[in-house]
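Chain by chain, the residues run as shown.
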There are 2 protein chains.
Amino acid sequence: MKAVIISIGDEILNGTTVNTNASWISTQIQPIGIDIYEVVSISDNAAHILATLNHFVSNVDIILITGGLGPTKDDITKKTICTYFNSELVFHPEIYARLKAAFEKRNIPFTENNRDQAMYPDNCTILDNPLGTAQGMWFEKDNTVIACMPGVPFEMKGLMTNQVLPKILKRFNFPAIVNKYFMTSGISESFLANKLEPLEAILPEHITLAYLPTPAVVKLRLTARGNDENQLEQDLTAITNQMRAILGAGIYAEEPIPLEQHIGNQLKALNATLATAESITGGKVAHKITLIPGSSDYFRGTIVAYHRSVKEQLLKVSTTTLDKYTPVSEETAMEMLDGILSAMGTDFGIAITGNAGPTTDGKAEDVGTVFIAVGSKTEKRVKKHFFNKNREVNIEYACMFSLHELRILLTEYLVKA
Amino acid sequence: MKAVIISIGDEILNGTTVNTNASWISTQIQPIGIDIYEVVSISDNAAHILATLNHFVSNVDIILITGGLGPTKDDITKKTICTYFNSELVFHPEIYARLKAAFEKRNIPFTENNRDQAMYPDNCTILDNPLGTAQGMWFEKDNTVIACMPGVPFEMKGLMTNQVLPKILKRFNFPAIVNKYFMTSGISESFLANKLEPLEAILPEHITLAYLPTPAVVKLRLTARGNDENQLEQDLTAITNQMRAILGAGIYAEEPIPLEQHIGNQLKALNATLATAESITGGKVAHKITLIPGSSDYFRGTIVAYHRSVKEQLLKVSTTTLDKYTPVSEETAMEMLDGILSAMGTDFGIAITGNAGPTTDGKAEDVGTVFIAVGSKTEKRVKKHFFNKNREVNIEYACMFSLHELRILLTEYLVKA
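Quick caveat: nothing in here was measured; it's all calculated off a predicted structure. (Residues numbered from 1 in each chain as written. Chains lettered and ligands numbered in written order. Predicted model: local features only at pLDDT ≥ 70, side-chain atom pairs only at ≥ 80, totals over all residues. Heavy atoms only, no water.)

## Quick look at the pattern of salt bridges
Phase 1 of the analysis: Under the criterion given, the structure shown has 22 salt bridges over all chains.
Phase 2 of the analysis: Here arginine 308 of chain A makes a salt bridge to aspartate 323 of chain A, at a shortest N to O gap of 2.8 Å. A residue pair is termed long-range when its members are at least 10 positions apart, and arginine 308 of chain A in helix H11 (residues 308-313) and aspartate 323 of chain A in helix H12 (residues 319-325) qualify at 15 residues.
Phase 3 of the analysis: Take arginine 308 of chain A: its relative accessible area is 30%, and that puts it in the partly exposed class.
Phase 4 of the analysis: With a relative accessible area of 53%, aspartate 323 of chain A lands in the exposed category.
Phase 5 of the analysis: A salt bridge links lysine 284 of chain B to glutamate 396 of chain B, with the shortest nitrogen-to-oxygen separation between them at 2.6 Å. Here glutamate 396 of chain B lies in helix H14 (residues 391-416) and lysine 284 of chain B lies in helix H10 (residues 284-290), a separation of 112 residues in the sequence.
Phase 6 of the analysis: Accessibility expressed as a relative area gives 14% for lysine 284 of chain B, which makes it buried.
Phase 7 of the analysis: Take glutamate 396 of chain B: its relative accessible area is 17%, and that puts it in the buried class.
Phase 8 of the analysis: What emerges from the salt-bridge pattern is a single network uniting Lys284, Lys288 and Glu396 of chain A. (Salt bridge = Lys/Arg side-chain N within 4 Å of Asp/Glu carboxyl O. Helix = DSSP H or I, 4+ residues; strand = E, 2+ residues; numbered from the N terminus. Buried < 20%, exposed > 50% of the residue type's maximum accessible area, 1.4 Å probe, protein only.)

Take a look at the structure:
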C-alpha cells in the first residue's frame, strides 16, 4: 500500500511555512501499513497540480492533498480537481446555512465570498470539518483514493483523525499489522543498534525494526505484518520480551509518547510537583512541559536565571560559587537546584546552566558545555554534558537530556514507592 | 530560473524529522531570483533517486539535494549519483588525513567505514564542509547544476552559505534583482492587503509584492527584476516611500529579522533590560528571546508562574485579585507585571496569563482568552486577546503578540529618548 502526500501552497514553497503537516500525516499512516512513497510540495498552479496528479494517480493507492481550499483567489485546489475529474461545483445550501450561522454567532461579518465555501465538486464525498469553513473532499478513481484537506494544521488533523483515516481503513483490505513501540532515552542510536544487532539478525521476514531518533530520545518500532492479528501478537511476544531484557531501564514507555508526557505521568503517580531553573535553555524545558494538557497538576513554574543577578537573588546561588567556579559549573547547577526547590516549594527540580554558543564569556572550549542537575531535597545529582552543534540544537539537547535525567531519578522514586 | 529541492531520507518520509532544510533553502534562494518549482522528499532508494533526477534534470536549472551522505549503509546518495553520471568514486588522501586528524583531536576512535567519507565521484567538484565528515558535491550536466549536501541542518546551512550560493551566483547570469523587506507586526494579512490594494494595483509589471504571514508578524517583500540594479533601486524608491506612508508604525524593520531580534535591538538602543512573567506561554517568550545570540546583554530572566502559589509568592499577585478576578484577568496580568519588574529589577517587563485550552478551569468560553501586560515602572498597559486555535498555536500567538506589544511601547520610549 503506497501513499503520496501533496502539499499545495506558495507559503510552503517559499519557506514561510515549514511543512509540519506532511510529517504529521506520515506518523499517522505509516503505522497502519501504508508506505509513504513521496512527499511533494507545489505552488497554487493549476497546470502543476494537474501534472502532479497525473504523475501519481496510477502509481500509488492513496493521494493525500493539503492546502489551497480557502476562499481567496489563490486557492485553486477545488477548481483544479474539478478540471481533473471533469466534474462541476455544486452549491450545498445546508453547508451555507451552517457557515452563516457560525459567523453570526461569533459576530463576524459574513461576506459573500464565503459562498464559495459551500460549493463542492459533484463527484466527491464531503468530509465534515467542524473546525473551519473549508470541508474535506474524498474522491475515488479506479483503485486510487484522493483525499483533500485544508492546510491549516489543526483542521487537517481533525479531518485526518475523524474522517480520512477511518475511511481509508474501511476502503482498503489491509494486511493485519501490529506495531510495538519502545521509547528510549539517554542512549544513542548507534549504541542501541549495536545492542540490538543479534536480535535484528534473527528477526523473521515479516517483522521489521525501525529506529526513529530525535535528541536524547530514540523511538523503536517493531512492525509485524501478516494475515492474522492474533498470530502476529504471538509472534511478537518473544521478541518484545527480548527487547525489554536487552534495553532494560533504557525504555521509558511502550507507547509513542514524548518524554515530557511520561514525566508528567511519573509525577502524577508520585503525587509530586516539579519546577525548573533554567539558564542556557531560557525556559524551553518549561515550555515543553506546559505544552502537555493537564501539566498544571504537577508543574509549578520556572525561574529563568539568564543574568547572574537573577541566579544570586532569586535562586540564591552564592557570589563565591559564581566567582570561584563560574556560572557554567557543577557547583552553580547544584545551587540553582537548591534555589528552585526552595523558591517554588516543589518535590522535584531541574537546574540547567551552560554555554550554547556561538560566543563565549571567555574560553572558547566552553561552548557546548552544559551542567544539568536534577533532584529532590534529599537526593541530588549533577552531570556534565558537551554538545557540539549550533546554538539552537545545543539548547534542544540540553532540554531533552534534563528530562531524561529527571525520568531516571523519578523511576528510582517509583520503585521505592 | 527554476530550482527543485530534493530531500533524501527515510526519517523525513516517516515523519520523524520535519523537513526544515527545504524551507530554509527556499528562504535563501528565492530572494536572489530563483523560483522553487517543487520540494520533494523521497526515501534512500536508488531507483527512486534516479527516477527523480531524470524527471527534473531537463525541467529545472538547479537541483539541490540534501541527505544520504553519511557513512552507514542506508546512505546511498553518493553511489546513486555515480550510477546516474556513470562516474566512479575516487579516494582523496588529503580528505582522509584531515578527517582522521579531526577524530584524533576529539579522542573519537576512527573506524575504517569513515574511509568512505574520503571517496567522491570523479566528475564532481568537492565542496569543503568543515562542520562534518561528508563533503558537499557540485555537478553540472548540460545546463543544469546539481548540488549535494548532507542532511544535518547546520552542516547544510554552512555549505549553502559558503559554497553553493556563491557558486550559483557565479554560474548563472541572473537578471538584476532588488528585494525590499517590510516587517510588520500586529496587523492581519487581510487588513494589510486591503490597505495596500491601491498601491498593488499600480505596481509596474517588473515589481511584485509578496505577503509572508506568520503569527502576529507579516513579512512583506517587494521584488524588482530587470537589467540594471541602479535603475531598479530608483524604481523602488517611490514605492517604498508609499509603503512607509501607508503602513507607518506597523513596520518594525526593513530587513528580514524576527521580532525578538528587533526588540533586542530596541533594548540595546535604550540601554535597558527586560524580564518576563509567563503563565500560559510557559517560558516560550523567554526561549524565543534567548535564542538570539547576545540576548544576555539585555535579558535578565523569567518567572514562569504556572501554579497559583508562584503567582502569589514570587510575583506577589494578591490573593484578593486572584480570588475576585481569577488568574486569567486583566488585574492578574497587571500585578504579574509589577511583580516581575520588582523581582528582576529590570526596566521593562512582559506578563502573560490566559487559558490555552483544551480544558478550562471553569467556563468553556475562557479557552483562548489571553491577557498581555507590558510596561516599565512608569508606563503599564494591558490588552485582552482571544485566540481560537489549538493549545500549541494559541501559545505561539500569545508569545508573538506579547513581543508586538512590547515593541510598540519600546518605540514610544525611543521616540522620547
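## Notes on the domain arrangement of chain A
Many structure descriptions define interface size as the accessible area lost when the parts assemble.
Residue and element names in this part refer to chain A.
Phase 1 of the analysis: In terms of domains, chain A is made up of domain 1 (2-171), domain 2 (176-253) and domain 3 (259-416).
Phase 2 of the analysis: Here domain 1 and domain 2 have C-alpha centroids that lie 35 Å from each other.
Phase 3 of the analysis: Taken together, the five residues of domain 1 in the interface contact five residues of domain 2.
Phase 4 of the analysis: Here domain 1 packs against domain 2, burying approximately 380 Å² in sum over the two surfaces, 36% of which is carbon and sulfur.
Phase 5 of the analysis: Three residues, Gln30, Pro31 and Gly33, lead the burial of domain 1 against domain 2; their summed loss comes to 80% of the area buried on that side.
Phase 6 of the analysis: For the pair domain 1 and domain 2, the number of links is zero salt bridges.
Phase 7 of the analysis: Counting the contacts that link domain 1 with domain 2 gives two residue pairs in polar contact (both at pLDDT 80 or more).
Phase 8 of the analysis: Partitioned by chemical class, the residues of the side of domain 1 that touches domain 2 number two nonpolar, two polar and one charged. (Domains from an automatic or database assignment. Contact = heavy atoms within 4.5 Å. Buried area = accessible area lost by both parts, 1.4 Å probe. Polar contact = N/O pair within 3.5 Å; in protein donor to acceptor, adjacent residues only side chain to side chain. Nonpolar A, V, L, I, M, F, W, Y, C, P; charged D, E, K, R; others polar.)

## A few points about the interface of chain A and chain B
Phase 1 of the analysis: Each partner contributes to the interface: chain A provides 59 residues, whereas chain B provides 59 residues.
Phase 2 of the analysis: Buried surface at the junction of chain A and chain B, summed over both partners, amounts to about 5000 Å²; 61% is from carbon and sulfur atoms.
Phase 3 of the analysis: Linking chain A to chain B there are zero salt bridges.
Phase 4 of the analysis: Counting across the chain A and chain B interface gives 19 residue pairs in polar contact (both at pLDDT 80 or more).
Phase 5 of the analysis: Split into classes, the residues belonging to the side of chain A that touches chain B amount to 25 nonpolar, 27 polar and seven charged.
Phase 6 of the analysis: Sheet topology note: the strand E14 (residues 299-305) of chain A/strand E14 (residues 299-305) of chain B ladder contains five bridges and is antiparallel. If you follow threonine 302 of chain A over to E14 of chain B, its bridge partner there is valine 304 of chain B. (Pairing = 2+ DSSP bridges.)

## Remarks on unusual backbone geometry
Residue and element names in this part refer to chain B.
Phase 1 of the analysis: Positioned with a positive phi, asparagine 271 is a non-glycine residue whose angle comes to about 55°.
Phase 2 of the analysis: With respect to the secondary-structure elements, asparagine 271 resides in the loop between helix H9 (259-270) and strand E13 (274-278).
Phase 3 of the analysis: The exposed category is assigned to asparagine 271, whose relative accessible area is 70%.
Phase 4 of the analysis: Look at lysine 316: it is not a glycine, yet its phi comes out positive at around 55°.

## A look at the relation of the copies chain A and chain B
Mapping one chain copy onto the other needs a rotation about an axis and a shift along that axis.
Phase 1 of the analysis: Rotating chain A by 180° and translating it 0.0 Å along the rotation axis places it on chain B, where the RMSD comes to 0.0 Å. Read as a symmetry element, the transformation amounts to a two-fold axis.
Phase 2 of the analysis: In this assembly the copies share their binding face: 100% of the residues contributing to the interface of chain A also contribute to that of chain B. (Least-squares fit on C-alpha atoms with pLDDT ≥ 70 in both.)

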